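Each chain, letter by letter, is given below.
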Amino acid sequence: MDFNVKKLASDAGVFFTRAVQFTEEKLGQAEKTELDAHLENLIARGDCTKNWTEKIFRQTEVLLQPNPSARIEEFFYEKLDKKAPTRTTNGELLGQYMQDAAKDFGPGTPYGSTLITVGEYQKKLGGSEREFLQSSAVGFLTPLRNFLEGDWRTISKERRLLENRRLDLDVCKARLKKAKLAEAKAAAAPDFQETRPRNYILSASASALWSEEVDKAEQELRVAQTEFDRQAEVTRLLLEGISSTHVNHLRCLHEFVEAQAVYYAQCHKHMQELQKELSRFPNAFAGNPSTSGLTAGPSPLSGTSAPARPPPPSSSLESVPLKIEEVKPPATGTRKAKVLYDYDAADTSELSLFADELITVYTVPGMDPDWLVGERGNQKGKVPVTYLELLS
């Protein structure tokens, strides 16, 4: 490899003089050129913008993708300039699991059909989430990333260059100051007492050399001052562009909020539709009148209206109300029955029914023949015979 030795040595010398100047400034042994107040304020404002933009960007990434492994994977795809594979959202995955489970449980059973319905809406929620993630990434995360990886890198580069120009300027100031002190010392005390003409000539030559050194240092100072002023102006213009960055980020923030509002509105709509769908299916809490807020109606599959509610049971035990919780199923005589119509329990002794579900029924001594005791899981209560189709 072809090295330019002179340039390498020159760069090393410049680096060394800057390091010495920086160290002496930190130790208070050298003067430092201060930036004007306006530029200092712009630098502080730029640092503040960078720090908070970085924090907002990182936390938004966590909000949109909580999985750190997935964020790392997306980062590598981005750096490799490749499109990341489409990732299934958690809602879509849950919906798929529910529908797969319904196939095994039986799509015709109450649980299986409910799983299918809920799974469909979970997929819809997952699709809404995917749209929200995509719009937020494009409309909000991308502008923040472009600022951090583009504009701010340019600003940081120019600020480092400005700092180097300032160090070079202070080095030239220190060199000029030393040259003037040496020149003044040589001019104030010439060696006139030397009897030999050669020594007098050497003393005069030293004064002339220091005069040349002063002229050279002044020239270098003028060049350094010009470069510093030019670099300060470039840096100032870039930092003043932070105001435009704020305006752009404000617009992106509005778009992000709008995307959130649309996403949550879609989720709310899907959940309302899901609740309406679920109101047509039996659920595990339907037998408790305190938790049942649904109005019973004819089954949409029966095609006929439900029979009139049977009269309250009348029996010889009317004076002694039947305590359902104390009723025990007989050893024999229990049967399966299919519910033909929806039925709302009138009190806590009755069991609410939903069309097409299967329950276990039996009778107890002294009970009205128009009623049976029905069981569904841990729930138990009186049910009207006219609402049932006995199967076995």
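Up top you'll find the structure we're talking about.
Attention here is on the structure that accompanies the text. Everything numeric here is computed off the predicted structure, so don't read it as measured data. (Residues numbered from 1 in each chain as written. Predicted model: local features only at pLDDT ≥ 70, side-chain atom pairs only at ≥ 80, totals over all residues. Heavy atoms only, no water.)

The next subject is the overall build of the protein chain. Scanning the protein chain from terminus to terminus reveals 7 helices and 5 strands. Of the regular secondary structure in the protein chain, the N- to C-terminal order runs α-α-α-α-α-α-α-β-β-β-β-β. Classification of the 392 residues of the protein chain by burial places 31% in the buried group. For the protein chain, the proportion of contacts with a sequence separation of at least 24, taken over those separated by at least 6, is 72%. Accessible surface computed for the protein chain: about 25200 Å², of which carbon and sulfur atoms make up 57%. (Helix = DSSP H or I, 4+ residues; strand = E, 2+ residues; numbered from the N terminus. Buried < 20%, exposed > 50% of the residue type's maximum accessible area, 1.4 Å probe, protein only. Contact = heavy atoms within 4.5 Å. Areas by Shrake-Rupley, 256 points an atom, 1.4 Å probe, with all protein chains shown as cover.)

There is a patch of nonpolar side chains on the surface, built from Leu250, Leu253 and Val257 and spanning about 250 Å² of accessible area. In this fold, Leu250 is placed in helix H7 (residues 242–278). (Patch = residues over 30% accessible without salt bridge, like charges linked within 9 Å, V, L, I, M, F, W, Y side chains within 5 Å. Salt bridge = Lys/Arg side-chain N within 4 Å of Asp/Glu carboxyl O.)

The next thing to look at is the pattern of salt bridges. Any two side chains of opposite charge can pair if their charged atoms end up close together. With the rule as written, the count across this model stands at 15 salt bridges. Close ionic contact of Glu61 with Arg58 constitutes a salt bridge, the shortest N to O distance being 3.5 Å. With Glu61 and Arg58 both in helix H2 (residues 37–64), this residue pair falls 3 residues apart, about one helical turn. When its relative accessible area of 46% is taken as the criterion, Arg58 is described as partly exposed. Across the salt bridge formed by Lys380 and Glu375, the nearest N and O atoms sit 4.0 Å from each other. What you see here is one network of salt bridges that share partners, running through Arg58, Glu61 and Arg145.

This brings us to H7. End to end, H7 covers 53 Å across 37 residues, agreeing with the expected 54 Å (1.5 Å per residue, within 8%). Of all the residues in H7, the buried ones are Ile242, Thr245, His249, Cys252, Phe256, Ala259, Gln260, Tyr263, Cys267, His270 and Leu274. (Expected span 1.5 Å × (residues − 1).)

Our next topic: the nonpolar core. The nonpolar side chains of a soluble globular protein tend to be buried, and buried together. Formed by 33 residues in total, the largest nonpolar core has its most connected members in Leu35, Leu39, Phe132, Leu162 and Leu239. Looking at this core, the elements that each hand over two or more residues are H2, helix H5 (110–188), helix H6 (197–240) and H7. When residues in this core are grouped by element, the largest group, 14 residues, is from H5. Not counting chain neighbours up to four residues away, the residues in contact with Leu162 comprise Leu35, Leu39, Phe228, Gln231, Ala232 and Thr235. (Core = buried A, V, L, I, M, F, W, Y, C linked by side-chain atoms within 4.5 Å.)

In total, this model carries 8 aromatic pairs according to the counting rule given. An angle of 10° between the planes, with centres 4.9 Å apart, marks the rings of Phe132 and Tyr263 as stacked. Linking Phe132 in helix H5 with Tyr263 in helix H7, this pair joins segments that are 131 residues apart in sequence. Relative accessible area serves as the criterion here: at 7%, Phe132 is assigned to the buried category. Judged by its relative accessible area of 15%, Tyr263 falls in the buried class. Each member of the aromatic cluster is reached from another via a ring pair, and the members are Phe132, Phe140, Phe256, Tyr263 and Tyr264. Note that Lys55 overlies the ring of Trp52, its terminal NZ or CZ placed 4.6 Å from the centroid. (Phe/Tyr/Trp six-rings, centres within 6.5 Å; stacked < 30°, edge-to-face > 60°. Lys NZ or Arg CZ within 6 Å of the ring centre and 35° of its normal.)

Honestly, that's just the spatial picture; any functional story needs more than this.
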